[in-house]
Amino acid sequence: MTDQFPTINSTLSPNELCKFIQAQYGLSDMSECAIIRLAMNHLYAVEDQAKLYVFKVYKHNWRTKPEIEEELGLLTHLKENSCEVANEPYRQVN
């Protein structure tokens with residue numbers, strides 16, 4: 001047996017994910033992360049200097065890169081046309 005055990009589903013630690021997001025996106029070390037929803041894809045609220053972001057983690061191989069790009073394109077289009085798209089209640093990050 002190897003050192004790794006196969007998994008079907010896992011949840012990322014909000015604290016460790018926050019460190020990753022800080023490094024990848026240049027957020028401050030004061031940013032905070034909390035789980036919004038656990039489902040087919042997990043949503044995390046990331047707050048940094050009074051700005052709120054939503055970070056989405058997809059299940060492995062659930063969507064292709066072009067499908068994700070299309071989703072991002074749609075979200076950008078909706079934002080540019082002043083449409084609200086979030087359907088999950090926002091939970092304040094402490």
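Overview of the overall build of the protein chain
Working step 1: When its secondary structure is counted, the protein chain shows 2 helices and 3 strands.
Working step 2: Residue burial in the protein chain is summarised as follows: out of 94 residues, 19% are buried.
Working step 3: Taking the contacts inside the protein chain whose residues are at least 6 apart along the sequence as the reference set, 34% of them involve residues at least 24 apart.
Working step 4: For the protein chain, the exposed area adds up to about 7,800 Å²; of that, 53% sits on carbon and sulfur atoms.

Here we look at the pattern of salt bridges
Working step 1: Evaluation of the coordinates by the stated rule reveals 2 salt bridges.
Working step 2: A salt bridge links Lys 56 to Glu 71; the shortest N-O distance between them is 2.4 Å. Linking Lys 56 in strand β3 (residues 51-58) with Glu 71 in helix α2 (residues 65-80), this pair joins segments that are 15 residues apart in sequence.
Working step 3: On the basis of relative accessibility, which here comes to 30%, the residue Lys 56 falls in the partly exposed class.

Examining the side chain of Asn 41
Working step 1: Mapped onto the elements, Asn 41 comes out in strand β2 (residues 41-48).
Working step 2: Only 2.8 Å separates the side chain of Asn 41 from the side chain of Arg 37, close enough to count as a polar contact.
Working step 3: Apart from residues no more than four positions distant in its own chain, Asn 41 is found in contact with Lys 56, Val 57, Tyr 58 and Trp 62.

Topic: the confidence of the model for the protein chain
Working step 1: On average, the protein chain scores 84 in pLDDT, and the residues at 70 or more come to 87%.
Working step 2: Scored below 50 in pLDDT, residues 88-94 makes 16 contacts in the model with residues more than four places away or belonging to other chains.

Some details on the state of the cysteines
Working step 1: Going through the model one piece at a time under the given rule, you end up with 0 disulfides.
Working step 2: Cysteine Cys 18 remains unbridged, with the sulfur of Cys 33 as its closest cysteine sulfur at 5.4 Å.
Working step 3: Under the relative-accessibility criterion, Cys 18 is labelled buried at 6%.

Scoring rules and cut-offs
Residues numbered from 1 in each chain as written. Predicted model: local features only at pLDDT ≥ 70, side-chain atom pairs only at ≥ 80, totals over all residues. Heavy atoms only, no water. Helix = DSSP H or I, 4+ residues; strand = E, 2+ residues; numbered from the N terminus. Buried < 20%, exposed > 50% of the residue type's maximum accessible area, 1.4 Å probe, protein only. Contact = heavy atoms within 4.5 Å. Areas by Shrake-Rupley, 256 points an atom, 1.4 Å probe, with all protein chains shown as cover. Salt bridge = Lys/Arg side-chain N within 4 Å of Asp/Glu carboxyl O. Polar contact = N/O pair within 3.5 Å; in protein donor to acceptor, adjacent residues only side chain to side chain. pLDDT = per-residue confidence, 0-100. Disulfide = S-S within 2.5 Å.

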